[in-house]
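If you want the building blocks of each chain, they are given just below.
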Amino acid sequence: TVLIIDFGSQVTQLIARRVREEGVYSEVVPFQKGAEAVARLKPKAIILSGGPASVIEGESPKAPDAAFTAGVPVLGICYGEQCMAAQLGGTVEAGHHREFGRAEVTIKKVVPLFDGVWKDGERHTVWMSHGDRVTALPEGFEVVATSDNAPFAAIADVARGYYGVQFHPEVVHTPDGARLLSNFVRKVAGLEGTWTMGAFRERAIARIREQVGTGRVICGLSGGVDSSVAAVLIHEAIGEQLTCVFVDHGLMRQGEADEVVSLFRGHYNIPLVHVDAADLFIGALEGIEDPEQKRKTIGKLFIDVFEAEAKKVGGADFLAQGTLYPDVIESVSFAGGPSVTIKSHHNVGGLPARMNMKLVEPLRDLFKDEVRALGRELGLPETFVGRHPFPGPGLAIRCPGGITREKLEILRKADAIYLEEIRYAGLYDVIWQAFAVILPVRTVGVMGDGRTYDHVLALRAVTSVDGMTADFYPFDMGFLGRVATRIINEVKGVNRVVYDVTSKPPGTIEWE
Ligand code: XMP
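Criteria and thresholds
Residues numbered from 1 in each chain as written. Predicted model: local features only at pLDDT ≥ 70, side-chain atom pairs only at ≥ 80, totals over all residues. Buried ≥ 20, exposed ≤ 12 C-beta atoms within 10 Å, placed from the backbone. Helix = DSSP H or I, 4+ residues; strand = E, 2+ residues; numbered from the N terminus. Pairing = 2+ DSSP bridges. Axes fitted to C-alpha atoms, helices over the stretch in contact; angles between N-to-C directions. Parallel < 35°, antiparallel > 145°, perpendicular 65-115°, else oblique. Contact = placed C-beta atoms within 7 Å. Nonpolar A, V, L, I, M, F, W, Y, C, P; charged D, E, K, R; others polar. Near = placed C-beta within 6 Å. Domains from an automatic or database assignment. Expected span 1.5 Å × (residues − 1). Arc of directions from axis to C-beta. Left-handed = near helix turned anticlockwise from the far one by under 90°.

Asker: How should I be thinking about the pairing of strand β1 (residues 2-6) in this particular structure?
Answerer: Consecutive residues of a regular strand have side chains that alternate between opposite faces of the sheet. With 5 of 5 residues buried, β1 is to be regarded as a mostly interior element. Neither face of β1 is exposed, since V2, I4 and D6 on one face and L3 and I5 on the opposite face are all buried. Bridging between β1 and strand β3 (residues 45-48) involves 4 bridges; their strand directions are parallel. Across the sheet, I4 pairs through a bridge with I47, a residue of β3. By the bridge criterion, 5 bridges tie β1 to strand β2 (residues 26-30) in an arrangement that is parallel. Pairing of V2 across the sheet is with S26, part of β2.

Written as structure tokens, this is what we have:
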């Protein structure tokens, strides 16, 4: 294990991902729990993250002493570098406001961290965060790279395997960053990449068997990647002790509900209860136009229906959930007001504790891309594993204004054509998410010799790495024109198509 001690940087999770990409398991813990984690995990290497604090302010966060007495290599990044320098006897001075920026470093000496990546005297681009800086080194350290603003851009004590960098190797804006982290893990710490999805699968299965014993597990399926992978993995571990419940709210995309049913019943032969609750959901949504109201109605009904079905199945001791690592990483919180609720999220993972069941969460150590890799390992079809994210409330939030069966049907057909064209153009995997939205306005058009007065359809496509920020996808106009023509010709009820060119922020990805 590589232990990552978090001081609250926005990008700490990226460090964990880069290390795992090297096939080495890594865990993130908040600095307050650093000492306990060193004792518990006995890490083979430690990374100190960046963070918003200042080392020279009185109550600043510290790395646990255990990090420096464990006898393992330590890499300090940004705040982590300053922390390491200050705690080992060096000096750190106040700089200006902390901000990110592109910078160039000049290599002064080739050390194992740079091995095969950077040569003596070369200059390289890095993503630097300017703030406090190290001004006097602790004993045993030397400067191995400098930059105009940071004479101590990289420091090293090669004998102990201690390295400090003022820049962020974990972000893509530091082009060689991933290779430097690879060097730290493999060459400095001497770790081998044995943490593969195959190995994870074996261990996860053993753990599920141990936890569940002869108990019964119930698993809610959403049609998405996480719950599907969790279900297939659990089934592999305990077979018929698992029952899946698929609450079909009638707000899925075209063909999707059938796909879930045939994959689980047909392909995997996993016991599946398919609850066709479309009438119930669409009935409950009648007349509701407010987005939050829609979300809350769906979320509540979902829980009611699931709970009732779970009771019918009976005798289940465990509830399986597709909880992922980003949901469980404890974040370091600094003073800062509560954040506003933009949208109340609903998904299968949100089933309440009131069900009074123990949880089985076999994916809680994994990032999303690792879940996809595990899905492939388990033989889930690529169309399932590589699927764009789809929100829990489904098409209801792609239908601004009142929801009717007719509008949902139009939306399904148009959305299918749009996605088919995106796949055909080879763009599906480049785009994070693409979908159609049916607008609550009608406009006038002309078709043949006749006047039409029909719905407007908006198309959305964005690129993103995590859904937190996003850019609209710059399709070429020829592509958009083709899609618009097909939709208007093939989908009765639509006579105009527009494209959404809003990024996030200020827009959100979904319209509601
Ligand atoms: P927004 O619209 O907030 O969406 O920019 C960010 C990402 O989250 C998805 N999304 C949801 N996922 N339950 C989910 O499981 C929800 O209620 C929900 N609402 C939005 C959205 O599709 C995008 O990928």
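Asker: What exactly am I supposed to notice about the packing of helix α6 (residues 197-212) against helix α12 (residues 368-377) here?
Answerer: The relative placement of two packed helices is expressed as an angle between their axes plus a distance between the axes. The contact between α6 and α12 brings their axes to 10 Å, and the two run at 80 degrees. Regarding the angle of α6 to α12, the classification is roughly perpendicular. For the pair formed by α6 and α12, the contact residues are M197, G198, F200 and R201 on the first element and A373, L374 and E377 on the second. When its residues are assigned to classes, the contact of α6 with α12 shows 4 nonpolar, 1 polar and 2 charged.

Asker: Help me out: how do you make sense of the site of the ligand in this one?
Answerer: Residues in close proximity to the ligand total 14 residues, the closest being P391, G392, T508, I509 and E510. Here the residues of the shell around the ligand sort into 4 nonpolar, 7 polar and 3 charged.

Asker: Looking at this structure, how should I read the domain arrangement of the protein?
Answerer: Taken as a whole, the protein is organised into domain 1 (2-188), domain 2 (197-385) and domain 3 (404-499). Using only C-alpha atoms to locate each centre, domain 2 and domain 3 end up separated by 29 Å.

Asker: Where do I start with helix α8 (residues 256-267) in this structure?
Answerer: Side chains that are three or four residues apart share a direction in an α-helix, a result of its 3.6 residues per turn. Over its 12 residues, α8 extends 15 Å from the first C-alpha to the last, a length consistent with the 16 Å expected when each residue adds 1.5 Å. When we look at burial in α8, the residues that qualify are V260, L263 and F264. Seen from one end, α8 has its buried residues packed into an arc of 80 degrees, which puts them on one side. Of the exposed residues in α8, those oriented more than 90 degrees away from the buried face are D258, S262 and G266. Packing partners of the buried residues in α8 comprise β12 (217-221), β13 (242-248), β14 (272-276) and α13 (382-385). With its phi angle positive at about 60 degrees, N269 sits one or two positions after the end of α8.

Asker: How should the packing of α6 against helix α7 (residues 225-238) be read in this particular structure?
Answerer: As a packed pair, α6 and α7 sit with axes 9 Å apart at the nearest point and diverge in direction by 70 degrees. Viewed along their axes, α6 and α7 adopt a mutual orientation that is roughly perpendicular. For the crossing formed where α6 meets α7, the hand is right-handed. Of the residues in α7, those in contact with A204, I205, I208, R209 and V212 of α6 are L233, I234, E236, A237 and I238.

Asker: Explain the sheet that holds β14 here, please?
Answerer: Pairing between sheet strands relies on hydrogen bonds along the backbone, with the strands arranged either parallel or antiparallel. Spatial strand order, β14-β13-β12-β15-β16: 5 strands in an open sheet with parallel pairing. Each of the sheet's edge strands pairs with one partner strand only, and the pair in question is β14 and β16 (358-360). The mean angle between the axes of side-by-side strands here comes to 25 degrees, regardless of whether they run parallel or antiparallel. Judged from the 5 bridges that link them, β13 and β14 form a sheet pairing that is parallel. Directly across from C244, in β14, lies its bridge partner L272.

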